[in-house]
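One-letter residues, chain by chain:
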Amino acid sequence: MPSSVMPMPMPTPRNAGDPQSPAAVSAVGLRKSYGDKTVLDGIDLHIPAGSVFALLGPNGAGKTTVVKILSTLVSADGGQARVAGHDIAASPDGVRAAIGVTGQFSAVDGLITGEENMLLMADLHHLSKDEGRRTAAELLERFDLVEAAKKPASTYSGGMKRRLDIAMTLVGDPRIIFLDEPTTGLDPRSRHTMWQIIRELVTSGVTVFLTTQYLEEADELADRIAVLHDGRIAAEGTAEELKRLVPGGHVRLRFADPVAYRSAALALHDAVRDDEALALQIPSDGSQRALRAVLDRLDTAGVEADELTVHTPDLDDVFFALTAATDQRKEDLR
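Note that the coordinates shown come from a computational prediction; the quantities given were computed from them, not determined experimentally.

Let's shift gears to a nonpolar patch on the surface. Residues L295, L308 and V310 make up a contiguous nonpolar surface patch of about 210 Å² in total accessible area. Residue classification places L308 among the partly exposed positions, given a relative accessible area of 35%.

Taken N-terminus to C-terminus, the directions of helix 3 (residues 114-124) and helix 4 (residues 129-142) make an angle of 135 degrees; their axes are 9 Å apart at the nearest point. Here helix 3 lies oblique to helix 4, going by the angle between them. The hand of the helix 3/helix 4 crossing is right-handed. Within the contact between the two elements, helix 3 uses E115, M118, L119 and A122 and helix 4 uses G132, R133, A136, L139 and L140. Per-class residue counts for the contact of helix 3 with helix 4 are six nonpolar, one polar and two charged.

Another aspect to go through is the nonpolar core. By size, the foremost hydrophobic cluster in this structure holds 53 residues, and its most contacted members are M118, F143, L164, I166, V208 and I225. It is helix 6 (residues 188-203) that provides the largest number of residues to this core, a total of six residues. Once residues lying within four places of it in the same chain are set aside, the contact partners of L164 are V108, G114, N117, M118, L140, L145, A153 and Y156.

Moving on to the environment of G132. Here G132 shows up in helix 4. Placed 165 residues apart in sequence, G132 and R297 show a C-alpha to C-alpha distance of 65 Å. If we skip the residues at most four places from it in the chain, G132 touches L119, A122 and L127.

The next thing to look at is the packing of aromatic side chains. Tallied over the full model, the rule gives three aromatic pairs. Where F53 meets F209, the ring centres are 5.3 Å apart and the plane angle is 45 degrees; that geometry is what we call tilted. Of the two residues, F53 sits in strand 3 (residues 52-56) while F209 sits in strand 8 (residues 207-212), which places them 156 residues apart along the sequence. Arranged with centres 5.3 Å apart and planes meeting at 45 degrees, the rings of F178 and F209 form a pair that is tilted.

The strand order 2-1-4-5 describes an open sheet built from four strands, whose pairing is antiparallel. Across the chains shown, the open sheet's two edge strands, defined by having one partner strand only, are strand 2 (37-48) and strand 5 (86-87). Bridge analysis of strand 1 (residues 23-34) against strand 2 gives nine bridges, and the strand direction is antiparallel. The partner of S26 across the bridge, within strand 2, is H46.

Before going further, it helps to examine the environment of L70. Residue position: L70 is located in helix 1 (residues 63-70). Taking C-alpha positions, L70 is 9.0 Å from F178, a pair spaced 108 residues apart along the chain.

Here the focus is the pattern of salt bridges. Following the criterion strictly, the structure yields 15 salt bridges and no others. Measuring nitrogen to oxygen at the nearest pair gives 2.8 Å for the salt bridge that ties E220 to R199. Here E220, found in helix 7 (residues 215-221), pairs with R199, found in helix 6; they are 21 residues apart in sequence, far enough to count as distant. For E240, the salt bridge goes to K243, with nearest N and O atoms at 3.5 Å. On the criterion of helical spacing, the pair formed by E240 and K243 is a turn pair, its members being three residues apart in helix 8 (residues 239-243). Overall, E240 belongs to the partly exposed group, its relative accessible area being 39%. K243 gets classed as buried once you look at its relative accessible area, which sits at 10%. Residues joined by salt bridges that share partners form a network here, namely R31, D41 and R232.

In this section: the pairing of strand 7 (residues 176-180). The buried fraction of strand 7 is high, at five of five residues. The alternating pattern of strand 7 places I176, F178 and D180 on one face and I177 and L179 on the opposite face, and all of these are buried. Summarising the sheet, strand 6 (residues 99-102) and strand 7 pair through four bridges and their orientation is parallel. Residue pairing across strands places V101 opposite F178, the latter belonging to strand 7. Here five bridges tie strand 7 to strand 8, and the two strands are oriented parallel to one another. Bridge assignment links I177 to a residue of strand 8, and that residue is V208. Traced from strand 7 through helix 6 to strand 8, the parallel crossover comes out right-handed.

Criteria and thresholds
- Residue positions are counted from 1 within each chain, in the order its sequence is given.
- Local features are withheld for residues below a pLDDT of 70 in this predicted model, meaning they are given only at 70 or higher, and side-chain atom pairs are given and counted only at 80 or more; totals for whole chains, interfaces and linings count all residues.
- The side-chain values count all of the structure's non-hydrogen atoms but skip hydrogen atoms and water molecules.
- The patches reported here contain residues having more than 30% relative accessible area and no salt bridge. Joining distances are 9 Å for like charges and 5 Å for nonpolar side chains (Val, Leu, Ile, Met, Phe, Trp, Tyr).
- To measure how exposed things are, a 1.4 Å probe is used in the Shrake-Rupley method; for residues, cover is taken only from the protein chains shown.
- The salt bridge criterion pairs a side-chain nitrogen of Lys or Arg with a carboxyl oxygen of Asp or Glu, the two atoms within 4 Å.
- When a residue's accessible area, from a 1.4 Å probe over protein chains only, is under 20% of the maximum for its type it is buried; when over 50% it is exposed; and in between it is partly exposed.
- Only the stretch in contact is used when fitting a helix axis, every axis being a line fitted to C-alpha atoms; angles between N-to-C directions are given from 0 to 180 degrees.
- Elements are defined by DSSP. Helices are runs of H or I of four residues or more, strands are runs of E of two residues or more, and each kind is numbered from the N terminus.
- Angles are sorted into four bins: roughly parallel if under 35 degrees, roughly antiparallel if over 145, roughly perpendicular if 65 to 115, and oblique for all others.
- With the far helix as reference, a near helix turned anticlockwise by less than a right angle produces a left-handed crossing, and one turned clockwise produces a right-handed crossing.
- We call two residues contacting when some pair of their heavy atoms lies within 4.5 Å.
- Here the nonpolar group is Ala, Val, Leu, Ile, Met, Phe, Trp, Tyr, Cys and Pro; Asp, Glu, Lys and Arg are the charged ones; every other residue, Gly included, is treated as polar.
- For this analysis, a nonpolar core means a set of buried residues of the types Ala, Val, Leu, Ile, Met, Phe, Trp, Tyr and Cys, connected via side-chain atoms within 4.5 Å.
- Any Phe, Tyr or Trp ring, taking Trp's six-membered ring, that has another such ring centre within 6.5 Å forms a pair; planes under 30 degrees apart are called stacked, those over 60 apart edge-to-face, and the others tilted.
- Think of it this way: DSSP has to see at least two bridges between two strands before they count as a pair.
- Orient the strands so they point away from the viewer, and a crossover whose first-strand-to-second-strand path over the helix runs clockwise is right-handed.

Encoded structure:
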């Protein structure tokens, strides 16, 4: 994407979704610096309970720093945040009691078995011996780890270790789970298995805060997506809202009858013609309203297309356009 990409309007990032929805996670003006490097430069978030929120960004964008602040692992330099109704600065113990965190690097101890990892986590959550064993057994079965439960975790595949990692996170029955790049390094099959696990968690009422570099992952899982770039939220919205930010979407109509094609071309005078393929391409944001407008114009002309396809930019296009636009704005200010 060339650096001459023009700045684009952004969806409203405040109170995404229903403003009346109770927020599992909210933040206003979060800031964090390490020395003279500003990592977060005023981050605002509103994540409704029972949803999946994905934070996208390149390496070094500050995604992990956001997770560390919200999970009380590091303190913010400025701003305020509440997680599960608890202020992260005033009530860190309340936050920790309500959340689970799966980091980029596995917390699994490879020297002990999967079952022993689970029981160790149960001890850390002060579960009784019987309750700990029951919880461990239920989660091992839920994550398809029963056969491997007695084996050292060092023998597990990457996907199995990740499943065990999340199972350990769930021992404390958290209402909010932070998954920091949970599928990095997994093969496609393991990644899809992890996606299904995340969907099941949300179905059970858990709120998931997901950081990822895989744009397809965010598109598949997230109710709302934010793009973090250079310490700021470059844009936030649903996947479809973000895709509509990027030019290039269009409706393509193909005709079998040359007469119908010419009539349609007259009715859709702003279309790009392909006389050889008898096809017309009309700029569109992919919305239902835009599509209806095209069809209404065809109906008025008494023409029916033989084939209609809607093309919208994907999240890769959005990501590159947004980050390039931000970099261009910085360059213009120099």
